[in-house]
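The primary structure of each chain is shown beneath.
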Amino acid sequence: MNQSSMGRGGERPGEDDRHARLRDLDASLERLRADLTPPPADAGDNVDSGQYLAAREELEGQIELLEYERERLRSELGLS
């Protein structure tokens, strides 16, 4: 087996991929959390408020899924 198939520094194959995915997840979570803004002070009407809540729930759902995957990867890599 050559060194590139074993990974860097004796890591198991695929471990570099999991570390890279973990970095991607952290970056995505940071972006999504930044998008979770408080409701506008001038929400206007019920339609605006409903659209805001729907968008916020969508973001919160995405964050929850990414956090679950992040914790799973951290556990696999022994980082928990």
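As a reminder, the structure under discussion sits directly above these lines.
Residues numbered from 1 in each chain as written. Predicted model: local features only at pLDDT ≥ 70, side-chain atom pairs only at ≥ 80, totals over all residues. Heavy atoms only, no water.

Looking at the nonpolar core
For soluble globular proteins, nonpolar side chains are generally found buried alongside one another. Among the nonpolar cores identified, the biggest contains nine residues, and these are Leu-22, Leu-25, Leu-29, Leu-32, Leu-59, Ile-63, Leu-66, Leu-73 and Leu-77. Elements represented by at least two residues in this core include exactly α2 (15-35) and α3 (46-76). Those residues in contact with Leu-32 that lie beyond four places of it in its chain are Leu-59, Gln-62, Ile-63 and Leu-66. (Core = buried A, V, L, I, M, F, W, Y, C linked by side-chain atoms within 4.5 Å. Buried < 20%, exposed > 50% of the residue type's maximum accessible area, 1.4 Å probe, protein only. Helix = DSSP H or I, 4+ residues; strand = E, 2+ residues; numbered from the N terminus. Contact = heavy atoms within 4.5 Å.)

Some details on α3
With 31 residues, α3 should reach 45 Å at 1.5 Å per residue; the first-to-last C-alpha distance of 45 Å fits that figure. Among all positions of α3, only Tyr-52, Leu-59, Ile-63, Leu-66 and Leu-73 are buried. Looking at the buried positions of α3, the neighbouring elements they touch are α2. With its phi angle positive at about 75°, Gly-78 sits one or two positions after the end of α3. (Expected span 1.5 Å × (residues − 1).)

A look at the pattern of salt bridges
If you walk through the whole model with that rule in mind, you get eight salt bridges. With its nearest N and O atoms 4.0 Å apart, the salt bridge here joins Glu-69 to Arg-72. Here Glu-69 pairs with Arg-72, and both are found in helix α3, just three residues apart, close to one helical turn. Residue Arg-72 is classed as partly exposed on the basis of its relative accessible area, which comes to 35%. Note that Arg-70 is salt-bridged to Glu-71, the shortest N-O span being 3.2 Å. Among the charged side chains, a salt-bridge network with shared partners connects Arg-18, Arg-21, Glu-69, Arg-72 and Glu-76. (Salt bridge = Lys/Arg side-chain N within 4 Å of Asp/Glu carboxyl O.)

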